[in-house]
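# Analysis of the macromolecular model
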Amino acid sequence: MSNENIKLLKKVGLKVTEPRLTILELMQTTRKEIQHFSAEDIYKLLLEKHSEIGLATVYRVLNQFEEVGILTRHNFDSNKAVYELNFNHEHDHIICIDCGKVFEFKDTEMEKRQREISQQHGIELSNHSLYLYGKCSNIQSCDEKDKS
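The residue count restarts for each chain, going from 1 along the sequence in the order it is written. Where local features are concerned, this predicted model is filtered to residues with pLDDT of at least 70; where side-chain atom pairs are given and counted, the filter is 80 or more; whole-chain, interface and lining totals use all residues. Note that the side-chain values use all heavy atoms of the structure and ignore hydrogens as well as water.

### What to know about helix α5 (residues 108-120)
When the terminal C-alpha atoms of α5 are compared, their 18 Å separation across 13 residues agrees well with the 18 Å that a helix rising 1.5 Å per residue should span. Summary of the burial criterion: residues with accessible area below 20% of their type's maximum are buried, those above 50% are exposed, and those between are partly exposed, where the area comes from a 1.4 Å probe applied to protein chains only. Comment: elements are numbered from the N terminus, with helices defined as DSSP H or I runs of at least four residues and strands as E runs of at least two. Looking only at α5, the buried set comprises Glu111, Gln114 and Ser118. For α5, the arc enclosing every buried residue in end-on projection is 60 degrees, short of the 170-degree limit, so these residues lie on one face. The exposed set on the far side of α5, more than 90 degrees from its buried face, consists of Thr108, Glu109, Gln119 and Gln120. To estimate the expected span of a helix, subtract one from its residue number and multiply by 1.5 Å. Each C-beta atom gives one direction from the helix axis, and the arc is the one those directions make.

Here is the structure:
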């Protein structure tokens, strides 16, 4: 169990528990393979590790992590929430409407323009989410969902 994760949980006011530490560590160690986790994704990974953490606990921990700012929640697909670790770096998302793949991108000009537009409207921007939807340009790389 990482001392940094213990410090993080204490800093945000959460009690240090085995499920919280396990879920946080799991998300950190698999971030390169999976950037946006659903509760079910995490539960499946826990089952593969023979963890006894239940799905209800996973949902509860994810909600707690979101409330304290450890995670950011997205609803790319209208009925499915996914979470990503909040590293305080601005980025946006492109989502394929056929296969559901999510691509992260960062564009400094776009970030600058979003701040300018917010200021023009008298809004001090605290955070933002930009989702762009389209279709994969290479059909071979698109894992198209079953349309039946």
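Alright, that's what it looks like, and here's the rest.
### Structural notes on a nonpolar patch on the surface
A grouping of Ile94, Phe103 and Leu132 is seen on the molecular surface, where their side chains present a nonpolar patch of about 230 Å² in accessible area. Its location among the elements puts Phe103 in strand β4 (residues 102-105). For Phe103, a relative accessible area of 39% gives the class partly exposed. By definition, no residue in a patch forms a salt bridge, and every one has over 30% relative accessible area; like charges are joined within 9 Å, nonpolar side chains (Val, Leu, Ile, Met, Phe, Trp, Tyr) within 5 Å. For the area figures, the Shrake-Rupley method with a 1.4 Å probe applies, and any residue is considered shielded solely by the protein chains shown. One speaks of a salt bridge when a side-chain nitrogen belonging to Lys or Arg is within 4 Å of a carboxyl oxygen belonging to Asp or Glu.

### Describing the layout of surface pockets
Each pocket or cavity is described by its volume, and for the largest pocket that value is around 490 Å³. Computed over the protein atoms alone on a 1 Å grid, cavities are sets of points where a 1.4 Å probe fits but cannot get out and pockets are open sets with protein on both sides within 12 Å along at least five of seven lines; a residue lines them when it has an atom within 4 Å of a point. Around the largest pocket sit 23 residues that line it, and Thr72, Asn86, His89, Asn127 and His128 are the ones nearest its centre. For the lining of the largest pocket, the secondary structure elements donating two or more residues are β1 (71-77), β2 (80-85) and β3 (92-96). At four residues, the largest contribution of residues to the lining of the largest pocket is made by β1. Grid points are joined across faces, edges and corners, and a volume is the space filled by probe spheres set on the points.

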